[in-house]
Amino acid sequence: MIKVAINGYGTIGKRVADAVAAQPDMEIIGVSKTSPSAEAFVAQSRGYPLYIADIGRKPDFEKAGIRVAGSVEEMLTKADVVVDATPGGVGVKNKPLYEKLGVRAIYQGGEKHPLTGFSFNSSCNYAEAIGRQFVRVVSCNTTGLCRIIHVIDTAYGVKKVRATMIRRASDPGEIKRGPVDAIVLDPVTVPSHHGPDVQSVLPKIAITTAALIVPTTFMHMHVVMIETEKEADREGVLALIEGHSRLGLVRPATGITSTAQLKEYMQDLGRSRADLWENGIFEDSVSVVDGHEVCLYQAIHQEADVVVENVDAIRAMIGEVKDAETSIAITNKALGFTAI
Ligand code: NAD
């Protein structure tokens, strides 16, 4: 069993912990929190040993009725791999500790590419992660873009991508963030960071991205246009999407035309935390203009799509499962996940 620690048991960390715990070849040896919170109670109820960043705060946890197993450093000494899911910019400060203890670490999209020198997506570059000590799983938007661009590139060759991300303002539980009534250009300049971030996984792809934030919490929506080298057709593109285990089709018969209804659909299907782990590509939006431009809308659930990628990154770094498809199949099966 691969021993996995989760440093930062928040939105992403708690989901990765449950996904790891469901795998046949992995176990959670501990998760970490900085202060007592609802998530700390959840970790305790799931039976995950809870470690804390500042051991001086142990009495605060114990007063709240939360058992503390030890310090983050003690947790790391027991782990084969740590998934660092601390807020963006905190992970970089943890690197010297991971280096000192010689533990493998997976960072999230909030950290920059140079921190690891390697950015990961299961379908695009699984084999290149084998044996590495440091890997970065790219952000939710970049994960969604990489999945669809790579499959189109493999079949038709990509000449140029243009994509616009309409981004959720905050996660549902994040009461600190906005906007409440605005469309925020994020950033005002073009390109947004997503294009260069896609290139950290797929360096040869020409891509320009723009991003805007709107007052919603459920998901992001991408407007994607991919110019192809070879001639493409709608049926061929739909077949590629159907053949990819992490690309899903929102069928017209469901009547779903929004992120709100898609989230409700996941909830009703009984998905853990109503999570959409796949790209939610609206079938009716898939079209090919002049035989060389693939156009589509895709919903990307910011809290969910990177979770399964983290699980594959763990397996790749340990290196016993050598190919992406085998790892993806194990991960998806353990979660009872079949793309819509
Ligand atoms: P979050 O704020 O929900 O959770 C972070 C957790 O880390 C919290 O539980 C916090 O208590 C804990 N923490 C803070 N400082 C710590 C420290 N020094 N040591 C240990 N734990 C500490 O954040 P999140 O949304 O889960 O984001 C985590 C990472 O995942 C970021 O890099 C982010 O950019 C990335 N990411 C987030 C999303 C998203 O939509 N939420 C999507 C993809 C990637």
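All of these numbers come straight from a predicted model, not from anything done at the bench.

## Some points on the nonpolar core
Part 1 of the argument: If you look at the biggest cluster of nonpolar residues, it comprises 46 residues, and the most contacted ones within it are Val4, Val31, Phe120 and Ile314.
Part 2 of the argument: When neighbours within four sequence positions are excluded, Phe120 is seen to be in contact with Asn125, Tyr126, Ala129, Val135, Arg136, Val137, Val138, Val201, Glu309, Asp312, Ala313 and Ala316.
Part 3 of the argument: Judged by nonpolar contacts, the second largest core, of 31 residues, contains Val138, Ile149, Ala211 and Ile281.

## Let's talk about the site of the ligand
Part 1 of the argument: Residues in contact with the ligand amount to 23 residues; listed here are only the nearest, Thr11, Ile12, Lys33, Arg168 and Asp171.
Part 2 of the argument: In this structure, an oxygen atom belonging to the ligand sits 2.8 Å away from a side-chain N or O atom of Thr11.
Part 3 of the argument: The side chain of Asp171 places a nitrogen or oxygen atom 2.7 Å from a nitrogen atom of the ligand.
Part 4 of the argument: Taken by itself the ligand offers 830 Å² of open surface, and the protein chains cover 79% of this.
Part 5 of the argument: Among the detected pockets, the ligand sits in the largest pocket.

## Focus: the sheet that holds strand E1 (residues 2–7)
Part 1 of the argument: Taken in spatial order, the 8 strands line up as E4-E3-E2-E1-E5-E6-E8-E7 in an open sheet, and their pairing is parallel. Only two strands of the sheet have a single partner each, and these edge strands are strand E4 (70–71) and strand E7 (119–120).
Part 2 of the argument: By the bridge criterion, 6 bridges tie E1 to strand E2 (residues 26–33) in an arrangement that is parallel. Residue pairing across strands places Ile2 opposite Met26, the latter belonging to E2.

Rules and cut-offs
- Residues numbered from 1 in each chain as written.
- Predicted model: local features only at pLDDT ≥ 70, side-chain atom pairs only at ≥ 80, totals over all residues.
- Heavy atoms only, no water.
- Core = buried A, V, L, I, M, F, W, Y, C linked by side-chain atoms within 4.5 Å.
- Buried < 20%, exposed > 50% of the residue type's maximum accessible area, 1.4 Å probe, protein only.
- Contact = heavy atoms within 4.5 Å.
- Near = heavy atom within 4 Å.
- Polar contact = N/O pair within 3.5 Å; in protein donor to acceptor, adjacent residues only side chain to side chain.
- Areas by Shrake-Rupley, 256 points an atom, 1.4 Å probe, with all protein chains shown as cover.
- 1 Å grid on protein atoms, 1.4 Å probe; cavity = no way out; pocket = protein on both sides within 12 Å on 5 of 7 lines; lining within 4 Å.
- Sits in = over half its atoms within 2 Å of the grid points.
- Pairing = 2+ DSSP bridges.
- Helix = DSSP H or I, 4+ residues; strand = E, 2+ residues; numbered from the N terminus.

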